[in-house]
Amino acid sequence: MTLAVQIRQHGGPEELHLVDVPVGNPGPGEVRIRHHAIGLNFIDVYHRTGLYPLTMPATIGMEGAGVVEAVGEGVTHLKVGDRAAYASNPPGAYCELRVMPAKCVCKLPDAISFETGAAMMLKGLTAQYLLKKTRPVEGLEPGDFVLFHAAAGGVGLIASQWAKALGLQLIGTAGSDAKCQLALANGAAHAINYQQEDFAARVKEITGGKGVKVVYDSVGKDTWDKSLECLRPFGLMASFGNASGPVPPFAPGSLGAKGSLYVTRQTLFTHIATREATQAMADDLFAVVASGQVKIHIDQRYPLAEVQQAHRDLEARKTTGCTILTL
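Read on for a plain summary of the structure. (Residues numbered from 1 in each chain as written. Predicted model: local features only at pLDDT ≥ 70, side-chain atom pairs only at ≥ 80, totals over all residues. Heavy atoms only, no water.)

### Here's the deal with the sheet that holds strand 1 (residues 2-7)
A sheet is described by the order of its strands in space; here three strands give the open sequence 2-1-4, paired in antiparallel fashion. A single partner strand is all that each edge strand has here, and the edge strands are strand 2 (17-21) and strand 4 (58-59). Of the strand pairs in this sheet, strand 1 and strand 4 are connected by two bridges, and their pairing is antiparallel. The residue of strand 4 that forms the bridge with Q6 is T59. (Pairing = 2+ DSSP bridges. Helix = DSSP H or I, 4+ residues; strand = E, 2+ residues; numbered from the N terminus.)

Here you go:
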């Protein structure tokens, strides 16, 4: 048996319950991992509320780090006793111990702690595919401007540092002056408090009226229209989340009128669909963290039993950087 956080129906944080559940042995292609730390992400809120529906009862959570306890048939890249970390489907990370598919579980380098591993996998791999794979048709070169919403969040702080390492000029948005300062301290070239400024007008001012090549947007409904205004001709609108709610339907013809724009809706799990792709992306992330170019900021820690409060704070935008659940 193991302690796990389950939901019996979709709803608010009060639906998160700590229960005992049985844990079996791994089957072919699976491992059993004992967590040392668990990552908290906005996708967990989507699963809890039903924006991304789950079959009930469900254990949520997409990210964790710990030690491999057992290995199923056919798993060759991990062995019992390995330190490991992952961002992976299916949900189920909010627990002490779990059996899960091995393909997205990566051996964690000794230089990276369990807490850092749990905090960075989903957010760091997201930053990796955005900056390295989700690029405008004209490409990205050192000196280019990009706009990144929620720049003081977990993905945003990693992306700000990584963008600087790549020579990009990242313009970050955040909801307070303190969060803007945090983004600037982590590599953002410019930061805009969207509560006080029209971010579209400010982006045009920063870029000399040209706009940015790409907007990376995990906010959704509240930022969509103005984000399109920030793009230069042939620019890319890269949506990868819905923190403020899903983007409403829009007329494709508007993209032509705004400069023959491109729009994409990305998700990490397409990028990590194979063992080889997952490992290549993880190696890139491990390298940039180990080099010191990207530091993982764990700004909040909650015991697993306080998961309801963790969700309340995340939804109220009271958090910065990464958040983990401790065991």
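On we go from here.
### So, the environment of N25
Tracing the backbone shows N25 in the loop between strand 2 and strand 3 (30-40). With residues up to four places along the chain from it excluded, the contact list for N25 reads R32 and V99. Polar contacts involving the side chain of N25 include one to the side chain of R32, which spans 2.9 Å. (Contact = heavy atoms within 4.5 Å. Polar contact = N/O pair within 3.5 Å; in protein donor to acceptor, adjacent residues only side chain to side chain.)

### Brief notes about the sheet that holds strand 12 (residues 212-217)
Overall, parallel pairing links the six strands, which are arranged 11-10-9-12-13-14 in an open sheet. Lying at the two open borders of the sheet, with one neighbouring strand each, are strand 11 (190-193) and strand 14 (262-265). Neighbouring strand axes in the sheet, compared pairwise and without regard to direction, differ in orientation by 15 degrees on average. (Axes fitted to C-alpha atoms, helices over the stretch in contact; angles between N-to-C directions.)

### So, the pattern of salt bridges
Following the criterion strictly, the structure yields 13 salt bridges and no others. One salt-bridge network, in which partners are shared between bridges, spans R32, R34 and E69. (Salt bridge = Lys/Arg side-chain N within 4 Å of Asp/Glu carboxyl O.)

### Examining the nonpolar core
One finds M121, L125, Y216 and L268 to be the most contacted residues of the largest nonpolar core, which totals 54 residues. Contacts of Y216, omitting those with residues within four sequence positions, involve L130, L131, T134, L140, V146, L147, F148, H149, A238 and F240. Counting residues in each nonpolar core, the second largest holds 26 residues, with V31, V45, A102 and V105 among its members. (Core = buried A, V, L, I, M, F, W, Y, C linked by side-chain atoms within 4.5 Å. Buried < 20%, exposed > 50% of the residue type's maximum accessible area, 1.4 Å probe, protein only.)

### Structural notes on the pairing of strand 9 (residues 145-148)
Burial along strand 9 is two-sided: the residues F145 and L147 and V146 and F148 are all buried. As judged from the four bridges shared by strand 9 and strand 10 (residues 169-174), these two strands associate in the parallel manner. Looking across to strand 10, one finds that F148 is bridged to G172. With helix 3 (residues 154-165) bridging strand 9 and the parallel strand 10, this β-α-β connection has right-handed handedness. (Right-handed = clockwise from strand over helix to strand, strands pointing away.)

### Section: the side chain of K179
Here K179 shows up in helix 4 (residues 177-185). For the buried residue K179, which engages in no salt bridge, the nearest side chain bearing the opposite charge is D299, 9.5 Å off. A distance of 2.8 Å separates a polar atom in the side chain of K179 from the backbone oxygen of R317. Setting aside anything within four residues of it in sequence, one finds K179 in contact with A152, A174, R317, T319 and T320. (Lys, Arg positive; Asp, Glu negative; His and termini not counted.)

That is the geometry; function is a separate question.
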